[in-house]
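A look at the structure
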Amino acid sequence: MNHRARTALFLVGGLGLLCFYVWGLHGLPGFGHYPGPYGDLINSLTVFERHATDAVTAVNFDYRGFDTLGEEFILFASVMGANLLLRKQKDDREEDPPLDQAEDRVVPPTSDAVRVTGLALVLPIVVFGLYTISHGQLTPGGGFQGGVILASMPLIIYLCGDYKSFDHVTSHVLSEITEALGAGGYAIAGLISIMFGLNYLTNFIPLGQTGDVLSSGTILLISVLTGLEVAGGLVVLMISFFRQSLVYRKTDEESRGPR
Amino acid sequence: MIVLQAGILLFVGVVGTAVVFTRNPLNQVIGLTFYGLLMALMFFIFQAPDVAFSQIVIGAVVLPLMVLLTLAKLKVKEQSRK
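Structure report, in brief.

Criteria and thresholds
- Residues numbered from 1 in each chain as written.
- Chains lettered and ligands numbered in written order.
- Predicted model: local features only at pLDDT ≥ 70, side-chain atom pairs only at ≥ 80, totals over all residues.
- Helix = DSSP H or I, 4+ residues; strand = E, 2+ residues; numbered from the N terminus.
- Rg over C-alpha atoms; globule rule 2.2 N^0.38 Å.
- Buried ≥ 20, exposed ≤ 12 C-beta atoms within 10 Å, placed from the backbone.
- Contact = placed C-beta atoms within 7 Å.
- Axes fitted to C-alpha atoms, helices over the stretch in contact; angles between N-to-C directions.
- Left-handed = near helix turned anticlockwise from the far one by under 90°.
- Nonpolar A, V, L, I, M, F, W, Y, C, P; charged D, E, K, R; others polar.
- Expected span 1.5 Å × (residues − 1).
- Core = buried A, V, L, I, M, F, W, Y, C linked by C-beta atoms within 7 Å.
- Parallel < 35°, antiparallel > 145°, perpendicular 65-115°, else oblique.
- Bend = angle between axes of the 7 residues up to and from the residue.

When its secondary structure is counted, chain B shows 3 helices and 0 strands. Each helix (α) and strand (β) of chain B, taken in turn from the N terminus, gives the series α-α-α. For 82 residues, the compact-globule estimate of 2.2 N^0.38 gives 12 Å, and the C-alpha radius of gyration of chain B, at 15 Å, exceeds that figure by more than 25%. With the principal axes as the frame, chain B shows a C-alpha extent of 55 × 25 × 10 Å. Each of the 82 residues in chain B was classed as buried or not, and the buried ones make up 24%. Considering only intrachain contacts with a sequence separation of at least 6, the fraction spanning at least 24 residues in chain B is 46%.

Okay, the packing of helix α6 (residues 143–160) of chain A against helix α3 (residues 49–81) of chain B next. Direction vectors running N to C along α6 of chain A and α3 of chain B enclose 35°, while the axes themselves pass 9 Å from each other. Considering only the axes of α6 of chain A and α3 of chain B, their crossing is left-handed. Touching Phe144, Gln145, Val148, Ile149, Ser152 and Leu155 of chain A of α6 of chain A are Asp50, Phe53, Ser54, Val57, Ile58, Val61 and Leu65 of chain B, all from α3 of chain B. Looking at the contact of α6 of chain A with α3 of chain B, its residues break down into 9 nonpolar, 3 polar and 1 charged.

What follows is about α6 of chain A. Taking 1.5 Å per residue, 18 residues should reach 26 Å; α6 of chain A reaches 27 Å between its end C-alpha atoms and fits that length. Most of α6 of chain A is tucked away, with 17 of its 18 residues classed as buried.

With that settled, the discussion passes to the nonpolar core. Core analysis: the biggest nonpolar cluster contains 56 residues, and Val148, Ala231, Leu234, Val235, Met238 and Phe242 of chain A have the highest contact counts within it. For this core, the secondary-structure elements that each account for two or more residues are α3 (55–63), α4 (65–85), α6, α8 (172–195) and α9 (218–247) of chain A together with α2 (25–45) and α3 of chain B. Sort the elements by how many residues they give to this core and α9 of chain A lands first, with 17 residues. If sequence neighbours within four positions are ignored, methionine 238 of chain A has contacts with Pro154 and Leu155 of chain A.

This next bit is on the interface of chain B and chain A. Taken together, the 18 residues of chain B in the interface contact 21 residues of chain A. Taken together, the residues of the side of chain B that touches chain A sort by class into 11 nonpolar, 4 polar and 3 charged.

Attention now goes to the packing of α4 of chain A against α8 of chain A. Residue and element names in this part refer to chain A. Close contact between α4 and α8 brings their axes to 11 Å; oriented N to C, the two are set at 155°. If you check the angle between α4 and α8, you find them roughly antiparallel. Handedness of the crossing formed by α4 with α8: left-handed. Side by side, α4 and α8 meet where Leu69, Glu72, Phe73, Phe76 and Val79 of the first sit next to Glu179, Ala183, Tyr186, Ala187 and Gly190 of the second. Counted by class, the contact of α4 with α8 contains 7 nonpolar, 1 polar and 2 charged residues.

This brings us to α3 of chain B. An ideal rise of 1.5 Å per residue puts 48 Å on 33 residues; α3 of chain B measures up with 47 Å between its terminal C-alpha atoms. The principal kink in α3 of chain B, of about 35°, is found at glutamine 55 of chain B.

Turning our eyes to something else, we now look at the environment of leucine 220 of chain A. All names here are of chain A. With respect to the helices and strands, the residue leucine 220 is situated in helix α9. Sequence-wise, leucine 220 and serine 134 are 86 residues apart; in three dimensions their C-alpha atoms are separated by 6.6 Å. Once residues within four sequence positions are removed from consideration, leucine 220 is found in contact with Gln137 and Leu214.

Residue and element names in this part refer to chain A. Unlike most non-glycine residues, histidine 51 shows phi in positive territory, near 55°. With respect to the helices and strands, the residue histidine 51 is situated in the loop between α2 (37–50) and α3. Overall, the presence of 22 C-beta atoms within 10 Å leaves histidine 51 in the buried class. Even without glycine at this site, serine 216 takes up a positive phi of about 60°. Within the secondary structure, serine 216 sits in the loop between α8 and α9. On the basis of neighbour count, serine 216 is assigned to the buried category, with 33 C-beta atoms found within 10 Å.

Right under this line is the structure:
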């Protein structure tokens, strides 16, 4: 197909898209004018029904908990898929020691400013991640957000050190176990509701005092489990990517270039 | 507030287009990082701080890192083929 035919095809398709787009825009509610009753109902009910002050987390982990279970397994499946694709294959050998640079190039050492700032950030990041997970029902945040914050900790260590320090603080097996515990725990939390004679994923833990950390029942439990799953999953993903691009080399490949 | 919202939307649009039109993957990743941070700012301005949290880490750190590592791997393959 030559350039002209492609352009013609694009113009026809583009015109069609434009027509449908304008038509679709016409049916949208005005900017900043929320029409439906669902959000207003949730906003006025979460504090009384679930003792949670963050309506978003209450929707994610309680009212729509089943949808989030699906999302969590999407994440689980994609991490497992990436892990499978990036696995060590038969003709791969491990390079030892993995150097994080090209052989023919002298990389300036990481500056002291970056190292000090990075190392000073490690603990605050862990604390902030745990805070975000455990206060999901009170303030913006929750399992997913806290999980990704926690998972950024090894990256900071990589930034102020090298691959070896990253490898030192992470464990593939532990991260996988954490991820599996989080994903499986979520599904099991739903089954426990059934054991109490309730519907799947119904809140079965006492709701507690609004505003307390230990409040809003299963929302906190599911938030913690999601945090485990997300943090574990992301670390597994990063480990596979790092290993594949820095450590594994094909046996017939010359070990040259950035490693 | 409306000025801020319109401004960040415009900015995200411009930077997004710039990322698409950058042809060199390495330069594109750096643009993508900036785009990720802008998206986080946009979520924050549109009162979705929880989405902004995850966007900062996913969009500005993890995604560019994966692309960078993939580029490094590809470069090794390319060099060994020569």
